[in-house]
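Chain by chain, the residues:
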Amino acid sequence: MNEDKKNESKKSGRLLISVLTPIFILIICLGITIVAVIKPYNKISTYLNLAFMDSLKTIPDTNGITAGLNIKENEIKVEYDKEFSETGKVIRPSFGEQFAIISSDKFELDVPVYWGSNSELFERGACQSSSSMLIGEIGNAVISAHVNTFFSELEKLESGDKVEVATNYGIFTYEVTETVEFKKSNKKYIIPKDEEVLTLYTCKPDVLGASDLRIGAVCKVVDKKFYINSEDGQKGEQ
Amino acid sequence: MKNKKTYIPCVLIAIILVFSMLGTGICIISNKVILNENTCIKIIDEKDLTSKTRNYIEKTFNEKYNSTGIPPEVYMNSISQEWLDDIIKNRISNAFLYVKNQSEYSKDIDFDALDASITNFFENYADENGYIKDSSYNDKLKKEIDTAHKIINSSADIFKTDTLYDRGVFNQVRRYIGYLEKLTYLFVIADIICIIMLLLLCIKNIRDILYWLGISFIISGIIGLVPCVYITSSDYFDAFVIKQEQIFTAFTTFMYRITDSFTVFEIALLAFGVLEIIIHTIINRIKKYNS
């Protein structure tokens, strides 16, 4: 009887070892793998984070639109009959979002403005560099467009002309203080500034090939009207 | 399992075998998939990357038309599908030859037809509009030709071989590629030695070899499958930042192909391991039934 019990407990002991051994080896191997991988992973993690961004987990489509670029058209109100405030909050648009319209007496057409610079956005309107300050903020707001499309009339601007920028959070009026011409490599007019200015620029029209020269207008702000209720300023559609 | 003296050595050898099998898998996939130019060539043909590249180049020249006034046909008429296909594939073959120490890296592309087309357009334009062909004209022409070369070069470099060469990555790979074959043999020899040692340790109870091999293969399979399953289930490579369609498709397909190959290898290990454990259990049951 005792012999049977002994045999039985030996067998169950062996069975337990048979089951636990793979688990034990798996834990040891996983531990070794983690320890071996942790240092190289730390080394390459920065590169991995740069090369693979979760926010960009989109597969390019075949319609010619850059994947990850979410173009959003907004209907910006250029006339507003409700209350304004002299101060208010700007609304930071997402990359690819239309957030403003530029108009001037010198322009026949109003120009839609998109946040960010991208070839697809340049096809749709003017682009504000996302590294520049937003309209209504202190600093240099830099907007550019193609010379043979949306900024074809930019060279008509002269000192003293008014430029109105209607955004989805307010309407801002600027006055041209200087018309400029500069080389593509000259960053003088597009770098950050302490004063609240708007810089509009495009390529200088050239007869053959792309020009290295840029023409533009530097404007100072003369009137700022923020919407009391910023949601009044736009109606979004993607 | 009955012999307490052999238990610890068997555990240690099983652990070594787990990593040695993993190493074997990595080396085999590196040789057969990563360092095989046919993997890239197949991807180009399967995914029609030459057409995608040509469409991208056309789109770029269309956009450039807004600032240069040069119609895209000036460029596109001299960029045929066959010419572009040759350029893309030659660049890959060239990169693999360089990496394998069989030739020097070359970036030379025959742009004669394209250069002639741009020059022809400039000359016609100048003649029709009375534009003086002075040094500024020549500068503009040269600049336009250089820009066109750059656009085609960067668009056709779908596996970014130029960038990898310029950043010295290929040089590093070239330095260590000779060791890969030796490393593969080393891992295979290690596998064989481990199996022989397990055989010797289990000589008194030979069916236990199936148990030790089985758990080694299963654990090796599990460890190898974990990253593969994570990559595949999370579509990890879809987050690749370069979104130019031809480059994105080339890179992600290549990476998923490596992952899939490794997954297949690890699943095979896992299945083989499970099979061995099943056989081991059946033999044990038969033995128990007989006694």
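If you're wondering where the values come from, they're calculated on a predicted model, not measured in any experiment.

Enquirer: I'm lost on the overall build of chain A in this one. Help?
Expert: If you tally the helices and strands in chain A, you get two helices and 11 strands. In chain A, the order of α-helices and β-strands from amino to carboxyl end is α-β-β-β-β-α-β-β-β-β-β-β-β. Taking all 238 residues of chain A together, the buried fraction comes to 29%.

Enquirer: For this particular structure, what's the right way to read the overall build of chain B?
Expert: A tally of helices and strands in chain B yields 11 helices and zero strands. When the helices and strands of chain B are read in sequence order from the N terminus, they spell out α-α-α-α-α-α-α-α-α-α-α. Relative to the globule expectation of 19 Å for 291 residues, the C-alpha radius of gyration of chain B, 28 Å, shows a markedly less compact shape. Across the 291 residues of chain B, 30% fall into the buried class.

Enquirer: Would you explain the confidence of the model for chain A in this entry?
Expert: Counting all residues, the mean pLDDT for chain A is 83, and 85% of those residues have values of 70 or more. The lowest-confidence element of chain A is strand E11 (residues 234-237) of chain A, averaging 46 in pLDDT; the highest-confidence one is strand E6 (residues 140-144) of chain A, averaging 94.

Enquirer: Would you take a moment to explain the nonpolar core for this structure?
Expert: Side chains of a nonpolar character, in soluble globular proteins, are inclined to be buried together. In this structure, A:Ala100, A:Ile102, A:Val113, A:Ala126, A:Val165 and A:Leu198 are the most contacted members of the largest nonpolar core, which totals 38 residues. Every element with two or more residues in this core is listed here: strand E3 (98-104), strand E4 (111-115), strand E5 (126-128), E6, strand E7 (162-167), strand E8 (170-183), strand E9 (197-203) and strand E10 (213-227) of chain A. In terms of residues, this core owes the most to one element, E9(A), which gives five residues. In this structure A:Leu198 touches A:Ala141, A:Val163, A:Val165, A:Tyr174 and A:Cys219, once residues within four positions along its chain are discounted. Within the second largest apolar cluster, 30 residues are counted, among which are B:Val74, B:Phe159, B:Ile247 and B:Ala250.

Enquirer: When you look at the domain arrangement of chain B in this model, what are you seeing that I'm missing?
Expert: Interface size is often expressed as the accessible area that is lost when the parts come together. All names here are of chain B. For chain B, the domain assignment lists domain 1 (4-34 + 190-290) and domain 2 (44-167). Between the C-alpha centres of domain 1 and domain 2 the distance comes to 46 Å. In terms of residue class, the side of domain 1 that touches domain 2 is built from two nonpolar, four polar and one charged.

Enquirer: Just checking my understanding: could you explain the pairing of E9(A) for this structure?
Expert: A regular strand carries its side chains on alternate faces of the sheet. All names here are of chain A. The buried count for E9 comes to seven of seven residues, which makes it a mostly enclosed element. Examined bridge by bridge, E6 and E9 share five bridges and lie parallel to one another. Bridge assignment links valine 142 to a residue of E9, and that residue is threonine 199. In the sheet, E9 pairs with E10 via seven bridges, with the strands oriented antiparallel. The residue of E10 that forms the bridge with tyrosine 201 is glycine 216.

Enquirer: It is not clear to me how the environment of A:Asp206 should be interpreted in this structure. Could you clarify?
Expert: With respect to the helices, strands and loops of the structure, A:Asp206 is situated in the loop between E9 and E10. Separated by 59 residues in the primary sequence, A:Asp206 and A:Val147 place their C-alpha atoms 9.8 Å from one another.

Enquirer: Is there a simple way to think about the domain arrangement of chain A in this case?
Expert: Structurally, chain A comprises domain 1 (2-52) and domain 2 (73-237). Each of domain 1 of chain A and domain 2 of chain A has a C-alpha centre, and these two points are 61 Å apart.

Enquirer: Sorry if this is basic, but what is going on with helix H6 (residues 112-129) of chain B here?
Expert: Note on helix geometry: an α-helix contains 3.6 residues per turn, so any two residues three or four positions apart are oriented the same way. Residues and elements named next belong to chain B. Helix length check: H6 (18 residues) gives 26 Å between terminal C-alpha atoms against 26 Å at 1.5 Å per residue, within 8%. Burial in H6 covers these residues: Leu114, Ser117, Ile118 and Phe122. Down the axis of H6, the smallest arc covering the buried residues is 130°, so these residues share one side. In H6, the exposed positions that point more than 90 degrees away from the buried face belong to Asp112, Ala116, Asn120, Asn124 and Asp127. Here the buried face of H6 lies against helix H4 (73-76) and helix H7 (135-156).

Enquirer: What should I look at first to understand the confidence of the model for chain B in this one?
Expert: Low pLDDT means the predicted coordinates in that region are not meant to be read closely. The predicted model of chain B averages 91 in pLDDT, with 99% of residues at 70 or higher. Overall fold confidence for the complex sits at a pTM of 0.73, while the interface term, ipTM, reaches 0.82.

Enquirer: What is the right way to read unusual backbone geometry from this model?
Expert: For residues besides glycine, phi is generally negative; the peptide bonds are generally trans as well. All names here are of chain B. The phi dihedral of lysine 160 is positive, around 55°, even though this residue is not glycine. Summarising the element assignment, lysine 160 is placed in the loop between H7 and helix H8 (161-166). Classification of lysine 160 as partly exposed rests on a count of 17 C-beta atoms within 10 Å. One non-glycine residue, aspartate 235, lies in positive phi territory at about 50°. Following the sequence through the fold, aspartate 235 ends up in the loop between helix H10 (208-233) and helix H11 (245-290). Judged by C-beta crowding, with 12 C-beta atoms within 10 Å, aspartate 235 ranks as exposed.

Enquirer: So what exactly am I meant to see when it comes to the packing of H10(B) against H11(B) here?
Expert: When two helices pack together, their arrangement is given by the angle between the helix axes and by the axis-to-axis distance. Residue and element names in this part refer to chain B. At a minimum axis distance of 7 Å, the contact between H10 and H11 shows a crossing angle of 150°. By the angle class used here, H10 and H11 are roughly antiparallel. Two packed elements cross with a definite hand, and for H10 against H11 that hand is left-handed. Taken together, the residues of the contact of H10 with H11 break down into 18 nonpolar, nine polar and two charged.

Enquirer: Whenever I open this one, the environment of B:Val173 confuses me. Can you help?
Expert: All names here are of chain B. Note that valine 173 resides in helix H9 (residues 169-201). We classify valine 173 as partly exposed; it has 17 C-beta atoms within 10 Å. Residues valine 173 and lysine 100 lie 73 residues apart in sequence; the distance between their C-alpha atoms is 8.6 Å.

Enquirer: Where do I start with the pairing of E7(A) in this structure?
Expert: Residues and elements named next belong to chain A. Relative to E7, E3 runs antiparallel, the two being bridged by five bridges. Paired with isoleucine 101 across the two strands is alanine 166, which belongs to E7. Of the pairings in the sheet, the one linking E7 to E8 comprises five bridges and is antiparallel in character. Residue pairing in the sheet places glutamate 164 in a bridge with threonine 173 of E8. Between E7 and the antiparallel strand that follows it, E8, lie two residues.

The rules behind the values
- Residues numbered from 1 in each chain as written.
- Chains lettered and ligands numbered in written order.
- Predicted model: local features only at pLDDT ≥ 70, side-chain atom pairs only at ≥ 80, totals over all residues.
- Helix = DSSP H or I, 4+ residues; strand = E, 2+ residues; numbered from the N terminus.
- Buried ≥ 20, exposed ≤ 12 C-beta atoms within 10 Å, placed from the backbone.
- Rg over C-alpha atoms; globule rule 2.2 N^0.38 Å.
- pLDDT = per-residue confidence, 0-100.
- Core = buried A, V, L, I, M, F, W, Y, C linked by C-beta atoms within 7 Å.
- Contact = placed C-beta atoms within 7 Å.
- Domains from an automatic or database assignment.
- Nonpolar A, V, L, I, M, F, W, Y, C, P; charged D, E, K, R; others polar.
- Pairing = 2+ DSSP bridges.
- Expected span 1.5 Å × (residues − 1).
- Arc of directions from axis to C-beta.
- Axes fitted to C-alpha atoms, helices over the stretch in contact; angles between N-to-C directions.
- Parallel < 35°, antiparallel > 145°, perpendicular 65-115°, else oblique.
- Left-handed = near helix turned anticlockwise from the far one by under 90°.

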